[in-house]
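Residues per chain, in single letters:
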Amino acid sequence: MLTVSHLSKQFNGQPVLRDISLTLAQGEVLAVLGRSGCGKTTLLKILAGIETADAGTLELHGQDLLPAPPNERQMVYLYQEPLLFPHLSVFENVAFGLRIRKVKEAEIKQQVTELLAELELSEHARKSPHQLSGGQRQRVSFGRALIIRPRLLLLDEPFGNLDAQTRAAMQELFGRVSRQHHITSIFVTHDSREALTVGSRLGYLERGSLTSFASVADFVADPRTNIAAELSFWENIRQTANPTSTPA
Amino acid sequence: MKPLKPILPLYALLVLGLPLAGLGYALLGSVVVVGPLAEGFTGRYWRALGHEPGLGYAALYSLWIAVASVGLSVVLALGLVLRAQPTLRRAPLPGLLYVPLVLPALVVAFYLFQLLSRTGWLSRISFQLGLTSSLEAFPELVQDGAGLGIILAHVLLIFPFLTLLFQAIYQESRLAELDQLTSTLGASAGQFRRRVAAPLLLRRAAPTVLLSFIATLGAYDIPLLLGRPYPQMLSVFIATKLQRFDLRELPAAYLAGFLVASGLLVLILVLLRLVNRSRVETG
């Protein structure tokens, strides 16, 4: 169980995060919707240990995480870009977390091979990152994080740079693998559809304040998520295009 | 664009055709087919290579100087870029790194000679302070057997250039973000430097590092001023042979020039392969 209490952060006197509190159970995916500059990245970086908080507490399974350096938290932060190691092959990129933990070679080979198969990357194992498509690179990045069995996965608009089709495929893959491995994660996005697709819990971050929703209905009904307006827009389009039809 | 067309073949002739023609001439000169002593084909200067250790010593000495100079420069530049990012990003260090780059090699050599020779400033200060009993007691730092002065001069010129290059690659490759990412994957700062940053920087900079190596291998003015008559670096060795009054030395000088130029040509081919690989990787 992840518990964040009264987390605050300022940059040059400007509040970026205001009194953020949330809890997240094992295996849950909290999708946080928010516009650019709302504090999403800062929140994730504080959780990962890359940034420090001005106030508040952060606990995982009752352990205070704030004093722990990022390399001891086992919370992987995934950027919008895959940021693969360009000098390493796909296999070695995924194996990185195991190699720095000095896992035995046979064990590395077995784990990486299995994960690559799961992510449909087996045929690309020996390729360099520059030989992959955008979606494949993002899958490698995902695999590189998954291999160390992170206690919390922090995803900062990871599919933001992908085309619509690849993005939908990656969302489906993320959902499948998350359920299979029972991964706890916080997934920030500015796309309400993506939030609804990947999240088992939903939140909205605005000017550093987080609103958690008890249900999908509450999330959809909140005017800040813009979902109701968008549904109305598409309904108008449908009626204009086909005025005789009635909604099912 | 049409008026530019004849320029390309002319440029190719200047940078490729003429040097290759020179190489061919040196080869023919080494077998005495051309040159002031042309007397028809003979392989005796090639056979004499085995009994004349001068060229071999000069090659080994040049190799030592180039490996030590470029190696030290790479280590210093890597150390600075990987361990002193905040210092490298603020004044005055970035500006100071540019200073040696505008100095001609001969000026740097002359400056080091004034500073480090037994009659130089450091030796005199050391003598005045009573640290040395006489000027001759000052350690031999230039025109020494190991080539310390030559190495130091090259390091002074190469190290700032490589530091600026590594720093540009560091930023372009987003190594600061990779540092944060690897730390969340569980890597320590040392593991990031060893497994990610250093290999990435060296791989991307490999063509330029090799170019620096070639330039050091063929350096002339620095070893001329800061080196000894023996051992000599290759360029000084060949120039000395070519400028001798004894014309019978010429074929041996052509032979040495041909072998050195061929060796450098092989290094340049390796360099071109590295450049192509780097171009593919960066897209």
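So, a few notes on the structure that sits alongside this text.

How each quantity is defined
The written sequence of each chain sets the order in which its residues are numbered from 1. Lettering for chains starts from A, numbering for ligands starts from 1, and both go in the order in which the items are written. Selection of residues for local features in this predicted model requires a pLDDT of at least 70, selection of side-chain atom pairs for listing and counting requires 80 or more, and totals for whole chains, interfaces and linings are taken over all residues. Once C-beta atoms have been placed from the backbone, residue pairs whose C-beta atoms lie within 7 Å are recorded as contacts. Note on residue categories: nonpolar means Ala, Val, Leu, Ile, Met, Phe, Trp, Tyr, Cys or Pro, charged means Asp, Glu, Lys or Arg, and polar means any other residue, Gly included. Here a strand pair is declared whenever DSSP counts at least two bridges between the two strands. Strands are runs of DSSP state E lasting at least two residues, helices are runs of H or I lasting at least four, and both sets are numbered from the N terminus onward. Geometry is summarised by axes, namely lines fitted to C-alpha atoms with helices restricted to the contacting stretch, and by angles between N-to-C directions that run from 0 to 180 degrees. The nonpolar core is taken to be a set of buried Ala, Val, Leu, Ile, Met, Phe, Trp, Tyr and Cys residues joined by way of C-beta atoms within 7 Å. In this scheme every C-beta is placed from the backbone, and a residue whose C-beta has 20 or more other C-beta atoms within 10 Å is buried, one with 12 or fewer is exposed, and one in between is partly exposed. Expected span, for any helix, means 1.5 Å times one less than how many residues it has. Arc definition: directions from the helix axis to the C-beta atoms.

1. Remarks on the interface of chain B and chain A
No. 1: Counting residues at the interface gives 19 residues for chain B, matched by 21 residues for chain A.
No. 2: Each residue belonging to the side of chain B that touches chain A can be placed in one class, and the counts come to 7 nonpolar, 7 polar and 5 charged.

2. Let's talk about the sheet that holds strand β4 (residues 55-60) of chain A
Residues and elements named next belong to chain A.
No. 1: Spatially, β2-β1-β4-β5 is the arrangement adopted by the 4 strands of the open sheet, whose pairing is antiparallel. Every interior strand has two partners, whereas the edge strands, β2 (14-24) and β5 (63-64), have only one.
No. 2: Contacting β1 (2-11), β2 and β4, helix α1 (residues 40-48) crosses the sheet at an angle of about 60 degrees to β2.

3. Observations concerning the nonpolar core
No. 1: Membership of the largest hydrophobic core comes to 125 residues, with the highest contact counts inside it found for Ala31(A), Leu47(A), Val94(A), Leu154(A) and Ala153(B).
No. 2: Of the residues forming this core, the biggest block, 12 residues, is contributed by helix α8 (residues 148-172) of chain B.
No. 3: In this view, Val94(A) contacts Val112(A), Leu115(A), Leu116(A), Val140(A), Gly143(A), Arg144(A) and Ile147(A); residues no more than four positions away in its chain are not counted.

4. Observations regarding helix α5 (residues 164-181) of chain A
Residue and element names in this part refer to chain A.
No. 1: Between its first and last C-alpha, α5 extends 26 Å over 18 residues, near the 26 Å set by a 1.5 Å rise per residue.
No. 2: For α5, every residue scored as buried is listed here: Arg 167, Met 170, Gln 171, Phe 174 and Ser 178. Along the axis of α5, the buried residues cluster in a sector spanning 105 degrees; they form a single face. Exposed residues on α5 whose side chains face more than 90 degrees from its buried face are Gln 165, Glu 172, Arg 176, Arg 179 and Gln 180.
No. 3: The first or second residue beyond α5 is His 182, which carries a positive phi of 55 degrees.

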